[in-house]
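So the chains spell out like this:
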Amino acid sequence: MELTDAAADEVFLVDLLIGSRIVCGVRQDEREAARSRLRGLRSGYHSGSTGEWQAVRAARETLQAVVRGQKRPSSLALLLDGVSYRPSVSDAGVQWRLDAQTVRAASVRAVLAWDVLRRTRPGRLRPCQNPECALFLIDHSKPNKARWCSMAMCGNRMKARRHYERTRTNS
Ligand SMILES: [Zn+2]
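Residues numbered from 1 in each chain as written. Predicted model: local features only at pLDDT ≥ 70, side-chain atom pairs only at ≥ 80, totals over all residues. Heavy atoms only, no water.

## A short note on the overall build of the chain
Consideration 1: A count of helical and extended segments in the chain gives 5 helices and 4 strands.
Consideration 2: When its helices and strands are written in sequence order, the chain yields α-α-α-β-β-α-β-β-α.
Consideration 3: Contacts in the chain between residues at least 24 apart in sequence constitute 52% of all its contacts with a sequence separation of at least 6.
Consideration 4: Surface accessibility of the chain: about 10300 Å² in total, with carbon and sulfur atoms responsible for 53%. (Helix = DSSP H or I, 4+ residues; strand = E, 2+ residues; numbered from the N terminus. Contact = heavy atoms within 4.5 Å. Areas by Shrake-Rupley, 256 points an atom, 1.4 Å probe, with all protein chains shown as cover.)

## Points about the coordination of the zinc ion
Consideration 1: Listed as protein donors to the zinc ion are C128 (SG), C133 (SG), C149 (SG) and C154 (SG); their distances from the metal cover 2.3 to 2.4 Å.
Consideration 2: In this structure, the zinc ion is surrounded by 4 donor atoms whose angles at the metal cover 103 to 117°, and the resulting shape is tetrahedral.
Consideration 3: In primary-sequence terms, the residues that donate to the zinc ion follow C-x4-C-x15-C-x4-C. Of the two residues, C128 and C133, neither departs from the other in class, the shared state being buried. (Donors = N, O, S within 2.8 Å, 3.2 Å for Na, K, Ca; no water. Tetrahedral: all angles 85-135°; square planar, octahedral: opposite > 155°, others 65-115°. Buried < 20%, exposed > 50% of the residue type's maximum accessible area, 1.4 Å probe, protein only.)

## A short note on the side chain of N130
Consideration 1: The topology assignment puts N130 in the loop between strand 3 (125–127) and strand 4 (136–138).
Consideration 2: Excluding anything up to four places from it in sequence, N130 contacts W148, C154, R157 and M158.

## A few points about the confidence of the model for the chain
Close inspection of predicted coordinates is inappropriate for parts of the model with low pLDDT.
Consideration 1: On average, residues of the chain carry a pLDDT of 77, and 75% of them reach 70 or more.
Consideration 2: Highest mean pLDDT in the chain belongs to strand 1 (residues 84–90) (90); lowest belongs to helix 2 (residues 28–43) (51).
Consideration 3: Here residues 20–31 is modelled with pLDDT under 50, and outside its nearest four sequence neighbours on either side it reaches 25 contacts, counting other chains as well. (pLDDT = per-residue confidence, 0-100.)

## Observations regarding helix 4 (residues 105–120)
Consideration 1: With 16 residues, helix 4 extends 22 Å between its outermost C-alpha atoms, agreeing within 8% with the 22 Å of an ideal straight helix rising 1.5 Å per residue.
Consideration 2: Along helix 4, the residues that are buried comprise A105, A106, S107, V108, R109, A110, V111, A113, W114 and L117. (Expected span 1.5 Å × (residues − 1).)

## A closer look at the pairing of strand 1
Consideration 1: Pairing of strand 1 with strand 2 (residues 93–99) involves 7 bridges; the strand directions are antiparallel. Within strand 2, the position partnered with R86 by the bridge is R97.
Consideration 2: Here strand 1 folds back onto strand 2 in antiparallel fashion, the turn holding 2 residues. (Pairing = 2+ DSSP bridges.)

## Overview of the nonpolar core
Consideration 1: Counting 22 residues, the largest nonpolar core has L13, L63, L76, W114 and L125 as the members making the most contacts within it.
Consideration 2: Contributing elements (two or more residues each) for this core: helix 1 (6–18), helix 3 (50–67), helix 4 and strand 4.
Consideration 3: Those residues in contact with L76 that lie beyond four places of it in its chain are T62, L63, V66, V111 and W114.
Consideration 4: Counting 6 residues, the second-largest nonpolar core is a separate cluster that includes C133, L135, W148 and C154. (Core = buried A, V, L, I, M, F, W, Y, C linked by side-chain atoms within 4.5 Å.)

## A look at the pattern of salt bridges
Consideration 1: Applying the stated criterion across every chain, the model contains 6 salt bridges.
Consideration 2: For R86, the salt bridge goes to D99, with nearest N and O atoms at 2.4 Å. Taken together, the positions of R86 in strand 1 and D99 in strand 2 put the pair 13 residues apart, joining distant regions of the chain.
Consideration 3: Exposure remark for D99: the relative accessible area of 28% places this residue in the partly exposed category.
Consideration 4: In this structure, a network of salt bridges that share partners links the residues D115, R118 and R119. (Salt bridge = Lys/Arg side-chain N within 4 Å of Asp/Glu carboxyl O.)

## A look at the environment of R147
Consideration 1: Structurally, R147 can be placed in the loop between strand 4 and helix 5 (151–170).
Consideration 2: Linking R147 and Q129, residues 18 residues apart in sequence, is a C-alpha distance of 5.4 Å.

## A word on a positive patch on the surface
Consideration 1: Positive charge collects at one region of the surface, where R147, K159, R162 and R166 lie side by side.
Consideration 2: Residue position: R166 is located in helix 5. (Patch = residues over 30% accessible without salt bridge, like charges linked within 9 Å, V, L, I, M, F, W, Y side chains within 5 Å. Lys, Arg positive; Asp, Glu negative; His and termini not counted. Charge placed at Lys NZ, Arg CZ, Asp CG, Glu CD.)

What follows is the structure, encoded as structure tokens:
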């Protein structure tokens, strides 16, 4: 199995985290968009076999808990059990390939993408601050202060709620 580019794996990781059963506080069309992205991934990015899908779902639950701080990163160990990198050399130089069962390829990539983010952009992957939202965000902004999965959705909703609470206590 070959390594894909990090950007694609990052997109896959976020799609994977989003694709959970509860997406409270999020409009139906956004939820549907997340679902169809996952369907696309299921048929295109990886093989889409039932076994692979089960591995992806297991990885998703553990990764969600780790990103939310509910589980320790070491709980991901089982997902990488028996996985290794193998070097091969050609005239172009040494290339490293991920050696894992096909059925586990996508879940392994998601865990590795999580680790790349953790190392290269610590704290940038986090849950949305809206307590009613189950989505995640990767903060690409310079100040690193993004709090919402989407300003248009949760950002405006939380601002409106704060405004409502302020005006209520002032009157
Ligand atoms: Zn949100």
